[in-house]
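Remarks on the overall topology
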Amino acid sequence: AQKVTQAQTEISVVEKEDVTLDCVYETRDTTYYLFWYKQPPSGELVFLIRRNSFDEQNEISGRYSWNFQKSTSSFNFTITASQVVDSAVYFCALIDNAGNMLTFGGGTRLMVKP
Amino acid sequence: GVTQSPTHLIKTRGQQVTLRCSSQSGHNTVSWYQQALGQGPQFIFQYYREEENGRGNFPPRFSGLQFPNDSSELNVNALELDDSALYLCASSLLGTSGGAIADTQYFGPGTRLTVL
């Protein structure tokens, strides 16, 4: 069975601080995909990034960066110089190569205060 | 993008409900998720080319349909209070050569169902 754990249920930072959201996963599959989604108060899940299990390169997209470490089964997400608009619930998720079921973590609520 | 209707819905226990989703053009797969308040989404089932392609731990009173015109439905019979949640649909494109290739699932805005 697959499992995704986001140990931080809620994080509060002040604008311009850097913040890292942790994600640890469990799977017996050798081929799998990891995702991060953002859920603002409106409720829609917004896709941020997709990473396959064979690509351990870290990725940077503007103020966002992701650190994938297979050795520790972690896929952490860092926001640099946070802004109030980053306030949302962030979900880490895992899918196997069958491609049907996304397994989500419990989410981390990020609050960025001005 | 992916659209869902209605936005909000209020039903009473024992009633039946149909939620609708319109997939992103060109996608062949739709997945449905239930998100209870304060929790991560839980997979209900997936339809690929109009047939069920995987099901989560939900009873048979949760059923679905996928139509050739990029639209799909989630039906829930005999509503229970615990069915109150945000229902999300997601569309994606599964590869068809050499088995499934997991593609990104793009989500709609959801339907918030309240069962009284």
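Please refer to the structure higher up on the page.
Residues numbered from 1 in each chain as written. Chains lettered and ligands numbered in written order. Predicted model: local features only at pLDDT ≥ 70, side-chain atom pairs only at ≥ 80, totals over all residues. Heavy atoms only, no water.

**Notes on the state of the cysteines**
All names here are of chain A.
- Under the counting rule described, the total for this entry stands at two disulfides over all chains.
- A disulfide bridge connects Cys 23 with Cys 92, and the sulfur atoms are separated by 2.0 Å. A torsion of -65 degrees about the S-S bond marks the disulfide between Cys 23 and Cys 92 as left-handed. Of this pair, Cys 23 sits in the loop between strand E3 (19-21) and strand E4 (24-26) while Cys 92 sits in strand E10 (residues 88-96); the two residues are 69 residues apart in sequence, bridging distant segments of the chain.
- Note on Cys 23: relative accessible area 0%, which makes it buried. (Disulfide = S-S within 2.5 Å. Helix = DSSP H or I, 4+ residues; strand = E, 2+ residues; numbered from the N terminus. Buried < 20%, exposed > 50% of the residue type's maximum accessible area, 1.4 Å probe, protein only.)

**Overview of the packing of aromatic side chains**
All names here are of chain A.
- One pass over the full model with this rule turns up 21 aromatic pairs over all chains.
- Ring geometry for Phe 35 against Tyr 37: centres 6.1 Å apart, planes inclined by 25 degrees, an arrangement best described as stacked.
- What makes Phe 35 buried here is its relative accessible area of 1%.
- Summarising the aromatic geometry, the rings of Trp 36 and Phe 77 are spaced 5.3 Å apart at their centres and angled 50 degrees between planes, so their arrangement reads as tilted. A residue pair is termed long-range when its members are at least 10 positions apart, and Trp 36 in strand E5 (residues 32-39) and Phe 77 in strand E9 (residues 74-79) qualify at 41 residues. (Phe/Tyr/Trp six-rings, centres within 6.5 Å; stacked < 30°, edge-to-face > 60°.)

**Examining the nonpolar core**
- One finds Trp 36, Phe 77, Tyr 90 and Leu 110 of chain A to be the most contacted residues of the largest nonpolar core, which totals 23 residues.
- Looking at this core, the elements with two or more residues in it are strand E2 (10-14), E3, E5, strand E8 (64-69), E9, E10 and strand E12 (108-113) of chain A.
- Per-element accounting of this core gives the leading share, four residues, to E10 of chain A.
- If we skip the residues at most four places from it in the chain, Tyr 90 of chain A touches Gln 6, Leu 21, Trp 36, Tyr 37, Lys 38, Leu 48, Tyr 64, Phe 77, Ile 79, Gly 107, Thr 108 and Leu 110 of chain A.
- Counting 20 residues, the second largest nonpolar core, distinct from the first, contains Leu 19, Trp 32, Phe 62 and Val 76 of chain B. (Core = buried A, V, L, I, M, F, W, Y, C linked by side-chain atoms within 4.5 Å. Contact = heavy atoms within 4.5 Å.)

**A closer look at the layout of surface pockets**
- The space that makes up the largest pocket amounts to roughly 400 Å³.
- Lining the largest pocket are 22 residues, and of these Gln 39, Val 89 and Arg 109 of chain A together with Gln 35 and Gly 38 of chain B lie nearest its centre.
- Among the elements that line the lining of the largest pocket, the one with the most residues is E12 of chain A, at four residues.
- Residues that form the lining of the largest pocket fall into these classes: 10 nonpolar, 10 polar and two charged.
- The space that makes up the second largest pocket amounts to roughly 160 Å³.
- The wall of the second largest pocket is formed by Met 101, Leu 102, Thr 103 and Phe 104 of chain A together with Pro 41, Gln 42, Phe 43, Gly 56, Asn 57 and Phe 58 of chain B.
- Those elements that provide at least two residues to the lining of the second largest pocket are strand E11 (103-104) of chain A together with strand E5 (42-48) of chain B.
- Along the lines of polarity and charge, the residues of the lining of the second largest pocket split into six nonpolar, four polar and no charged. (1 Å grid on protein atoms, 1.4 Å probe; cavity = no way out; pocket = protein on both sides within 12 Å on 5 of 7 lines; lining within 4 Å. Points joined across faces, edges and corners; volume = space filled by probe spheres on them. Nonpolar A, V, L, I, M, F, W, Y, C, P; charged D, E, K, R; others polar.)

**A look at the side chain of Glu 73 of chain B**
All names here are of chain B.
- For Glu 73, the location among the structural elements is in strand E8 (residues 71-76).
- Using a relative accessible area of 15% as the deciding quantity, one classes Glu 73 as buried.
- Once residues within four sequence positions are removed from consideration, Glu 73 is found in contact with Thr 18, Leu 19, Arg 20, Trp 32, Ser 63, Gly 64, Leu 65 and Phe 67.

**What about the interface of chain B and chain A?**
- Contacts between chain B and chain A engage 24 residues on the former and 22 residues on the latter.
- When chain B packs against chain A, the two sides together hide about 1700 Å² of surface, and 55% of this comes from carbon and sulfur.
- At the junction of chain B and chain A, the tally comes to zero salt bridges.
- The interface formed by chain B and chain A contains three residue pairs in polar contact (both at pLDDT 80 or more).
- Put simply, the parts of the chain that give the side of chain B that touches chain A at least two residues each are strand E4 (29-35), E5, strand E6 (51-55), strand E9 (85-92) and strand E10 (106-107) of chain B.
- Per-element accounting of the side of chain B that touches chain A gives the leading share, three residues, to E4 of chain B. (Buried area = accessible area lost by both parts, 1.4 Å probe. Salt bridge = Lys/Arg side-chain N within 4 Å of Asp/Glu carboxyl O. Polar contact = N/O pair within 3.5 Å; in protein donor to acceptor, adjacent residues only side chain to side chain.)

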